[in-house]
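Overview (structure and organization)
So the chains spell out like this:
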Amino acid sequence: MATSPGDLAALHAILAFPIGAFIPFLILKYHKPEASPFDDNNIIILVFFIATLTYVAAMVTEFKLRIRDSECPKIITSVSHLSATLATISLVTIFFPYLALFLFVIWVGFFAKLALESYQELHQQLADAARCASDLIWKREATEEQNHHQSSTTSSTPDVSNV
């Protein structure tokens, strides 16, 4: 899927917008000095941080590969999209737990779909690599067999120049 840099930037802006929009609400909910989201929702906040860091790492990798005009593997794009949505869902969980559960079920469906596509792509790449390696080995053996056959036929013919 070839996308222009503008399309890619717009997609990442759409993925990152909900994260930036929910952070102020998190500050509003825990505005008291003794209240902390880490007290009530420590696992959810941990998932948010890990998903956000994963999203940023995948996004930077995707941008770097596209700057070098390399083809970006689909798995990197999939990880970027899934981790951004997981970060958003984890923040939604703090404010709207039932909505977040519904969104998480949808996210699991997309995760399964992308995992299956990535598995099929990896399987195809490994099959192609195995086929190329097999062809290379058979060509090499055929060349060695041909060289061995030619050397044995040239050594069995008598040399008429000495007669």
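Residues numbered from 1 in each chain as written. Predicted model: local features only at pLDDT ≥ 70, side-chain atom pairs only at ≥ 80, totals over all residues. Heavy atoms only, no water.

Secondary structure summary: the protein chain contains 5 helices and 0 strands in total. Going residue by residue from the N terminus, the α and β elements of the protein chain occur as α-α-α-α-α. Counting over 163 residues, the protein chain shows a buried share of 25%. Excluding contacts between residues fewer than 6 apart, the proportion of contacts in the protein chain whose partners are at least 24 apart in sequence is 64%. For the protein chain, the exposed surface amounts to about 11800 Å²; the carbon and sulfur share of it is 70%. (Helix = DSSP H or I, 4+ residues; strand = E, 2+ residues; numbered from the N terminus. Buried < 20%, exposed > 50% of the residue type's maximum accessible area, 1.4 Å probe, protein only. Contact = heavy atoms within 4.5 Å. Areas by Shrake-Rupley, 256 points an atom, 1.4 Å probe, with all protein chains shown as cover.)

Residues Leu26, Leu91 and Ile94 are the most contacted members of the largest nonpolar core, which totals 18 residues. The set of elements that each furnish at least two residues to this core consists of helix 1 (5-29), helix 3 (42-67), helix 4 (74-95) and helix 5 (97-156). Take this core: its biggest share by element is 8 residues, from helix 4. Beyond its immediate stretch of four places on either side in the chain, Leu91 contacts Ile19, Phe22, Ile23, Leu26 and Phe48. (Core = buried A, V, L, I, M, F, W, Y, C linked by side-chain atoms within 4.5 Å.)

This part is about the packing of aromatic side chains. Centre-to-centre distance and the angle between the planes together describe a pair of aromatic rings. Applying the stated rule across the entire model yields 4 aromatic pairs. When the centroid spacing of 5.6 Å and the interplanar angle of 15° are considered together, the rings of Phe104 and Trp107 count as stacked. On the criterion of helical spacing, the pair formed by Phe104 and Trp107 is a turn pair, its members being 3 residues apart in helix 5. On the basis of an interplanar angle of 15° and a centroid distance of 5.5 Å, the ring pair of Trp107 and Phe111 is categorised as stacked. Within this pair, Trp107 and its partner Phe111 are both found in helix 5, separated by 4 residues, close to a single helical turn. Residue Phe111 is classed as partly exposed on the basis of its relative accessible area, which comes to 41%. Taken together through their ring pairs, the aromatic side chains of Phe104, Trp107 and Phe111 make up a single cluster. (Phe/Tyr/Trp six-rings, centres within 6.5 Å; stacked < 30°, edge-to-face > 60°.)

What follows deals with helix 4. With 22 residues, helix 4 ought to run about 32 Å at 1.5 Å a step, and its terminal C-alpha atoms sit 33 Å apart, in line with that. Among the 22 residues that make up helix 4, 16 are buried, leaving the element largely enclosed by the rest of the structure. (Expected span 1.5 Å × (residues − 1).)

The next subject is a nonpolar patch on the surface. A surface patch of nonpolar side chains, about 510 Å² in accessible area, is lined by Phe96, Leu99, Phe102, Ile106 and Phe110. Inspection of the secondary structure puts Ile106 in helix 5. (Patch = residues over 30% accessible without salt bridge, like charges linked within 9 Å, V, L, I, M, F, W, Y side chains within 5 Å. Salt bridge = Lys/Arg side-chain N within 4 Å of Asp/Glu carboxyl O.)

The next point concerns the side chain of Thr77. Among the structural elements, Thr77 can be located in helix 4. There is a polar contact of 3.5 Å between the side chain of Thr77 and the side chain of Glu62. (Polar contact = N/O pair within 3.5 Å; in protein donor to acceptor, adjacent residues only side chain to side chain.)

Before going further, it helps to examine the pattern of salt bridges. Under the definition given, this model contains 2 salt bridges. Note that Lys113 is salt-bridged to Glu117, the shortest N-O span being 3.2 Å. Taken together, the residues Lys113 and Glu117, both in helix 5 and 4 residues apart, mark about one turn of the helix. The salt bridge partner of Arg131 is Asp128, with a shortest N-O separation of 2.7 Å. Within this pair, Arg131 and its partner Asp128 are both found in helix 5, separated by 3 residues, close to a single helical turn.

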